[in-house]
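Understanding the architecture of this molecule
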Amino acid sequence: MKNTTNTAAGTQAAGATGAQTAGAPNETQPATGVPAAGNPTPGSQNQVGATASSQNGVAPQNGPGATASPVTYRLEHVVKEFRLKRRVVRPLRDVNVTVRPGEFVTIQGVTGGGKSTLLQLLGALERPTSGVLEFGGVNLASAPDSQLQAIRAREIGFVFQNFNLIPTLTAAENVDMGLEPLGLPAEERRARVSQVLAELGLGDRADHRPNELSGGQQQRVAIARAIVKHPRVLLADEPTGNLDERMRDDILAILQHLNAAGLTLVVVTHDSAVAHRAGRPLMLVNGMLHSRE
Ligand SMILES: Nc1ncnc2c1ncn2[C@@H]1O[C@H](COP(=O)(O)OP(=O)(O)O)[C@@H](O)[C@H]1O
Ligand SMILES: [Mg+2]
């Protein structure tokens, strides 16, 4: 199993290997040079009626980009390619999308189709090969590494299919890891951790280690760890992929609850049941993002 980014707590996130090779020659596909103009931002009809991110949007952070941008993400002609020995893999060919505060977006698509790659770009874990990828007004394609790191630590919550909890730590300690980079006083950390555990129905599980929790509970801890910093957006890569149906519904209900409270969500899933409950289901097809159906 490939597992490139298991630093879910946002500390020292992996490999933002400044892949800024824009305009590099394409060895395999010449890509026809046509940036699929007929694929404008899909689905503006699908504005989720949630009360923007006042509750979860942390007060403006450092940096000019953290000013109140009306959009969470703006992607224009985003390309991501990987150069292997003898060929180039280009999972993202031309991605164009705008995500607004309070939306619940899902991304479906075939295995190997580039969903995780896209989420890594949205999470500032990787940079696009070319194109514009703005998050809260900051172009993640060109921002300095230090700014990407700060954005990952403070503004982006990340949840993975396999939870990525630290087995030797309790639920509360795992959640506290999400606050590590913020430098908050111990008292506030404790308060935030208990609050989020209670909010996710884990108040009586704070002292349990992951192996003493069900899969659904472990995923709830991972979500708690991702949101305890009050991120601007929660990104989740197949968050119900390892869960049975009942636990999947449990996690879905939590995601919907968080969205109703104003949190912006982007969730990768191959589960139609998840996509059906999202405000805005999108499909990644041939490296491009479309409205579903
Ligand atoms: N770091 C990488 N190096 C080389 N190829 C990669 C890398 N990450 C992903 N890929 C390739 O990009 C394609 C898309 O992968 P991925 O985004 O994981 O798809 P999905 O999540 O939709 O299953 C696959 O062909 C995969 O092998
Ligand atoms: Mg994937």
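Once a new chain begins, its residue numbering starts again from 1 and follows that chain's sequence as written. All chains are assigned letters beginning at A, and all ligands numbers beginning at 1, according to the order in which they are written. Totals for whole chains, interfaces and linings use all residues, but because this is a predicted model, local features are given only for residues with pLDDT of at least 70 and pairs of side-chain atoms are given and counted only at 80 or more.

Counting residues in each nonpolar core, the largest one holds 66 residues, and the members touching the most others are Ala-224 and Leu-234. The biggest single contributor to this core is helix α5 (residues 215-227), with 6 residues. Each residue gets a C-beta atom placed from its backbone, and two residues are in contact if those atoms lie within 7 Å. Once you skip the residues sitting within four places of it in the chain, Ala-224 turns out to touch Val-175, Val-196, Leu-197, Leu-200 and Leu-202. By definition, a nonpolar core groups buried Ala, Val, Leu, Ile, Met, Phe, Trp, Tyr and Cys residues that connect through C-beta atoms lying within 7 Å of each other. Put plainly, a residue is buried at 20 or more neighbouring C-beta atoms within 10 Å of its own, exposed at 12 or fewer, and partly exposed in between, counting only other residues' C-beta atoms, which are placed from the backbone. By definition, any uninterrupted DSSP run of H or I lasting at least four residues is a helix, any uninterrupted run of E lasting at least two residues is a strand, and each is numbered from the N terminus.

Right, let's talk about the sheet that holds strand β3 (residues 104-108) for a bit. Strand pairing follows a simple DSSP-based rule, namely that at least 2 bridges must link the two strands. Taken together, the 6 strands give an open sheet; going across it, the order is β6-β7-β8-β3-β9-β10, and neighbouring strands pair in mixed fashion. The sheet is open, and its two borders are formed by β6 (156-160) and β10 (288-291), each paired with just one other strand. Across the sheet, the mean angle separating the axes of adjacent strands is 20° when strand polarity is ignored. Summarising the sheet, strand β9 (residues 280-285) and β10 pair through 4 bridges and their orientation is antiparallel. Within the sheet, the bridge partner assigned to Val-285 lies in β10 and is Met-288. Between the N-to-C directions of two axes lies an angle of 0 to 180 degrees, each axis being a line fitted to C-alpha atoms and, for a helix, fitted only over the stretch in contact.

Where α5 meets helix α6 (residues 245-260), the axes come as close as 9 Å, and the angle between the chain directions of the two elements is 20°. Compared by their axis directions, α5 and α6 come out roughly parallel. In the packing of α5 onto α6, the handedness of the crossing is right-handed. From α5, Gly-215, Gly-216, Gln-219, Arg-220, Ile-223 and Ile-227 reach across to α6, where they touch Met-247, Asp-250, Ile-251, Ile-254 and Leu-258. The residue makeup of the contact of α5 with α6, split by class, is 6 nonpolar, 3 polar and 2 charged. Angles are sorted into four bins: roughly parallel if under 35 degrees, roughly antiparallel if over 145, roughly perpendicular if 65 to 115, and oblique for all others. Should the near helix be turned anticlockwise from the far one by less than a right angle, the crossing is left-handed, and should it be turned clockwise, the crossing is right-handed. For this scheme, ten residues count as nonpolar: Ala, Val, Leu, Ile, Met, Phe, Trp, Tyr, Cys and Pro. Four count as charged, namely Asp, Glu, Lys and Arg, and the remainder, Gly too, count as polar.

This next bit is on the sheet that holds strand β5 (residues 138-139). The 4 strands are arranged β2-β1-β4-β5 in an open sheet whose pairing can be described as antiparallel. Only two strands of the sheet have a single partner each, and these edge strands are β2 (88-99) and β5. When strand β4 (residues 130-135) meets β5, the two strands line up antiparallel, connected through 2 bridges. Bridging across to β5, Phe-135 finds its partner in Val-138.

The full set of residues close to ligand 1 is Phe-82, Val-89, Pro-91, Gly-109, Thr-111, Gly-112, Gly-113, Gly-114, Lys-115, Ser-116 and Thr-117. Every element with two or more residues in the shell around ligand 1 is listed here: β2 and α1 (115-122). No other element matches the 3 residues that α1 contributes to the shell around ligand 1. Only the C-beta atom matters for this test: placed from the backbone, it must lie within 6 Å of a molecule or strand for the residue to be near it.

Buried residues dominate β3, accounting for 5 of its 5 residues. In the sheet, β3 pairs with strand β8 (residues 264-268) via 4 bridges, with the strands oriented parallel. Bridged to Val-105 within β8 is Val-266. Relative to β9, β3 runs parallel, the two sharing 4 bridges. If you follow Gln-108 over to β9, its bridge partner there is Met-283.

With that out of the way, let us pick up the environment of Asp-204. In this structure, Asp-204 sits in the loop between α4 (186-199) and α5. The exposure class of Asp-204 is exposed, given the 10 C-beta atoms found within 10 Å.

For residues besides glycine, phi is generally negative; the peptide bonds are generally trans as well. In this structure, Phe-163 is a non-glycine residue whose phi angle is positive, near 65°. Secondary-structure assignment places Phe-163 in the loop between β6 and α3 (171-177). Not every positive phi belongs to a glycine, and His-230 is a case in point at roughly 60°. Of note, His-230 is situated in the loop between α5 and β7 (233-237). On the basis of neighbour count, His-230 is assigned to the buried category, with 20 C-beta atoms found within 10 Å.

Another aspect to go through is the confidence of the model for the protein chain. In the predicted model, the protein chain carries a mean pLDDT of 82, and 76% of its residues have values of at least 70. Below pLDDT 50 for its whole length, residues 1-66 participates in 123 contacts with residues either more than four positions away or in separate chains. Per-residue confidence from the predictor is given as pLDDT, running between 0 and 100.

Another point: the pairing of strand β1 (residues 73-83). Side-chain positions along a regular strand alternate between the two faces of the sheet. Bridging between β1 and β2 involves 7 bridges; their strand directions are antiparallel. The residue of β2 that forms the bridge with Lys-80 is Leu-92. Between the end of β1 and the start of β2, which pair antiparallel, lie 4 residues. Sheet topology note: the β1/β4 ladder contains 5 bridges and is antiparallel. Bridge assignment links Glu-76 to a residue of β4, and that residue is Val-132.

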